[in-house]
Amino acid sequence: MVEQRVAPESAAHPRVEVALAPGASLPAYAHPGDAGADLASAEDVVLEPGRRALVGTGVSVAIPDGYVGLVHPRSGLAHRAGLSIVNAPGTVDAGYRGEIKVNLINLDPDTPIEIHRGDRIAQLLIQPVSRAAFVAVESLDASARGAAGFGSTGGFSHGSASGQEG
Ligand SMILES: O=c1ccn([C@H]2C[C@H](O)[C@@H](COP(=O)(O)OP(=O)(O)OP(=O)(O)O)O2)c(=O)[nH]1
Ligand SMILES: [Mg+2]
């Protein structure tokens, strides 16, 4: 099949064509105004504590040029069960036509998480994105921040848990 570019319906509501595997469901916004459309699992999976798994959604999309799909965790599952996404937010490129998969991780130290086919495991945000023209130069413009970073403006005090501070 010839690949077709899909023109946005409008800047706020770009048209995104979706191909579904048998039994899979369209990404769906739970409420008007929601930023993320929920993605359901296409698989039954048990995640033991601390383990991760690449879980299929049965959803493939054609995101228009100038947009990106971002796969975010769902806050309720994160809070209740410790379910998160290893590479949050996952990046779905406009040119990607494969199945969207979610790299889930069980951050709970004790309790396995059972995921059933149809459970909403993540949410897909469609956002405009810029592609920069990267240009190598000899030196950069001066700025107020300069090279200061990594807590240069202050923060909250805490122990050196990682042991990486000097
Ligand atoms: O959570 C995700 C992240 C990515 N992808 C798909 C869509 C994306 O377009 C492709 C590549 O993702 P990315 O560029 O983040 O991964 P990579 O490790 O750089 O792979 P590649 O070398 O294929 O670009 O994988 C997903 O299905 N789910
Ligand atoms: Mg990549």
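Here the structure is a predicted model, which is why all the values come from computation and not from measurement.

A. Highlighting the layout of surface pockets. Counted as a void, the largest pocket has a volume near 440 Å³. Lining of the largest pocket is provided by 20 residues; of these, Pro14, Val16, Tyr29, Ala37 and Ile126 occupy positions nearest its centre. Looking at which element gives the most residues to the lining of the largest pocket, the answer is strand 10 (residues 120–128), with three residues. The class makeup of the residues in the lining of the largest pocket is 15 nonpolar, three polar and two charged.

B. Expanded view of the confidence of the model for the protein. Of the residues in the protein, 92% have a pLDDT of 70 or more, and the chain-wide mean is 92. Model confidence for the complex: the whole-complex pTM is 0.90, and ipTM, which rates the interface, is 0.99.

C. Main features of unusual backbone geometry. Note that the residue after Ala88, namely Pro89, is joined by a cis bond; omega there is -15°. Checked against the element boundaries, Pro89 lands in the loop between strand 6 (83–85) and strand 7 (90–92). Its identity is not glycine, yet Phe150 carries a phi of approximately 55°, on the positive side. Mapped onto the fold, Phe150 is located in the segment after strand 10. On the basis of relative accessible area, Phe150 is assigned to the exposed category, the value being 92%.

D. Expanded view of the sheet that holds strand 1 (residues 17–20). Overall, antiparallel pairing links the four strands, which are arranged 1-4-8-6 in an open sheet. The sheet is open, and its two borders are formed by strand 1 and strand 6, each paired with just one other strand. Here the strands of the sheet are splayed against their neighbours by 45° on average, with no regard to which way each runs. As paired strands, strand 4 (residues 52–62) and strand 8 (residues 99–106) are joined by six bridges and run antiparallel to one another. Within strand 8, the residue paired with Ala53 across the bridge is Leu104.

E. Quick look at the sheet that holds strand 5 (residues 67–72). What the four strands build is an open sheet, ordered 2-10-5-7; its pairing is antiparallel. A single partner strand is all that each edge strand has here, and the edge strands are strand 2 (37–40) and strand 7. Taken over all neighbouring pairs, the strand axes of this sheet differ in orientation by 35° on average, direction set aside. One ladder, built from four bridges, connects strand 2 with strand 10; its direction is antiparallel. In the sheet register, Leu39 faces strand 10, and the bridge partner there is Ala122.

About the criteria used
Residues numbered from 1 in each chain as written. Chains lettered and ligands numbered in written order. Predicted model: local features only at pLDDT ≥ 70, side-chain atom pairs only at ≥ 80, totals over all residues. Heavy atoms only, no water. 1 Å grid on protein atoms, 1.4 Å probe; cavity = no way out; pocket = protein on both sides within 12 Å on 5 of 7 lines; lining within 4 Å. Points joined across faces, edges and corners; volume = space filled by probe spheres on them. Helix = DSSP H or I, 4+ residues; strand = E, 2+ residues; numbered from the N terminus. Nonpolar A, V, L, I, M, F, W, Y, C, P; charged D, E, K, R; others polar. pLDDT = per-residue confidence, 0-100. Buried < 20%, exposed > 50% of the residue type's maximum accessible area, 1.4 Å probe, protein only. Pairing = 2+ DSSP bridges. Axes fitted to C-alpha atoms, helices over the stretch in contact; angles between N-to-C directions.

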